[in-house]
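Each chain is listed here by its residues.
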Amino acid sequence: MDRIDRQELSYTELTALVDGLIDDHTSHTFASLSGWSYVPSPAEVEFYNGLDAKLAMNRRKNQPTPPRIKRPWETPRERDKPPAVDAEAQARLDRLKARLGIT
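Residues numbered from 1 in each chain as written. Predicted model: local features only at pLDDT ≥ 70, side-chain atom pairs only at ≥ 80, totals over all residues. Heavy atoms only, no water.

**Side note on the packing of aromatic side chains**
Here is step 1 of the chain: Per the stated rule, a full pass over the model turns up 4 aromatic pairs.
Here is step 2 of the chain: Geometrically, the ring pair formed by phenylalanine 30 and tryptophan 36 is edge-to-face, given 5.3 Å between the ring centres and 80° between the ring planes. Neither phenylalanine 30 nor tryptophan 36 differs from the other in exposure class; each is buried.
Here is step 3 of the chain: An angle of 65° between the planes, with centres 6.3 Å apart, marks the rings of tryptophan 36 and tryptophan 73 as edge-to-face. Here tryptophan 36, found in the loop between helix 3 (28–34) and helix 4 (42–57), pairs with tryptophan 73, found in the loop between helix 4 and helix 5 (87–100); they are 37 residues apart in sequence, far enough to count as distant. Of the two residues, tryptophan 36 and tryptophan 73, neither departs from the other in class, the shared state being buried.
Here is step 4 of the chain: Aromatic ring contacts, followed pair by pair, group Phe30, Trp36, Phe47, Tyr48 and Trp73 into a single cluster. (Phe/Tyr/Trp six-rings, centres within 6.5 Å; stacked < 30°, edge-to-face > 60°. Buried < 20%, exposed > 50% of the residue type's maximum accessible area, 1.4 Å probe, protein only. Helix = DSSP H or I, 4+ residues; strand = E, 2+ residues; numbered from the N terminus.)

Here you go:
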C-alpha cells in the first residue's frame, strides 16, 4: 500500500498482481486464502477429479448424483484450530498474570 501512496504503483497494477496470485490455484497464497491445509499437487487434484467422474459415470439410471469426494487439502490446518485450554491451565495462566501484574 505504501507504493500506491507514493504513486509508484497504480491501483490497477496492484489488482492485476493480486488477481494473478489468486487465479493460480497451485500457489500458497490461494491455498491460504481458501483455508486449505496444504497445496495439492496437480496429480492429486487430477486423481480426485477423476474419482468424482468415475463415481458419476457408474451410477445407475435415475439415481441421484453422488456427492463430491472430500478433498484432504480442504480441511483446516491444525494450527488454525483454537488450542484446547483446560481449567488447570487457565488457573496457572491467571496466577502468572497476577504475579506479573498483567490485567
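**What to know about the side chain of arginine 71**
Here is step 1 of the chain: The residue arginine 71 is located in the loop between helix 4 and helix 5 in this model.
Here is step 2 of the chain: Dropping the residues within four chain positions of it, arginine 71 is found in contact with Tyr48, Asn49 and Asp52. (Contact = heavy atoms within 4.5 Å.)

**A closer look at the confidence of the model for the protein chain**
Low-pLDDT stretches of the model should not have their predicted coordinates read in fine detail.
Here is step 1 of the chain: In this model, the protein chain carries an average pLDDT of 85, and 92% of its residues clear a pLDDT of 70 or more.
Here is step 2 of the chain: Per-element averaging of pLDDT across the protein chain places helix 1 (residues 2–5) at the bottom with 64 and helix 4 at the top with 94. (pLDDT = per-residue confidence, 0-100.)

**Topic: the environment of proline 83**
Here is step 1 of the chain: Considering the arrangement of structural elements, one finds proline 83 in the loop between helix 4 and helix 5.
Here is step 2 of the chain: Looking at proline 83, the relative accessible area reads 69%, which means it is exposed.
Here is step 3 of the chain: Note: C-alpha distance between proline 83 and aspartate 52 (31 residues apart in sequence) is 34 Å.

**Re the pattern of salt bridges**
Here is step 1 of the chain: What the rule picks out here adds up to 3 salt bridges.
Here is step 2 of the chain: Across the salt bridge formed by aspartate 52 and arginine 71, the nearest N and O atoms sit 2.7 Å from each other. With aspartate 52 in helix 4 and arginine 71 in the loop between helix 4 and helix 5, this residue pair connects regions lying 19 residues apart in the sequence. Arginine 71 shares its class with aspartate 52; the two are buried.
Here is step 3 of the chain: Of the charged contacts in the structure, one is a salt bridge between arginine 92 and glutamate 88, with a shortest N-O distance of 3.2 Å. (Salt bridge = Lys/Arg side-chain N within 4 Å of Asp/Glu carboxyl O.)

**A closer look at unusual backbone geometry**
Here is step 1 of the chain: Residue asparagine 62 is not a glycine yet carries a positive backbone phi of 65°.
Here is step 2 of the chain: With respect to the element layout, asparagine 62 can be found in the loop between helix 4 and helix 5.
Here is step 3 of the chain: A relative accessible area of 73% places asparagine 62 in the exposed class.

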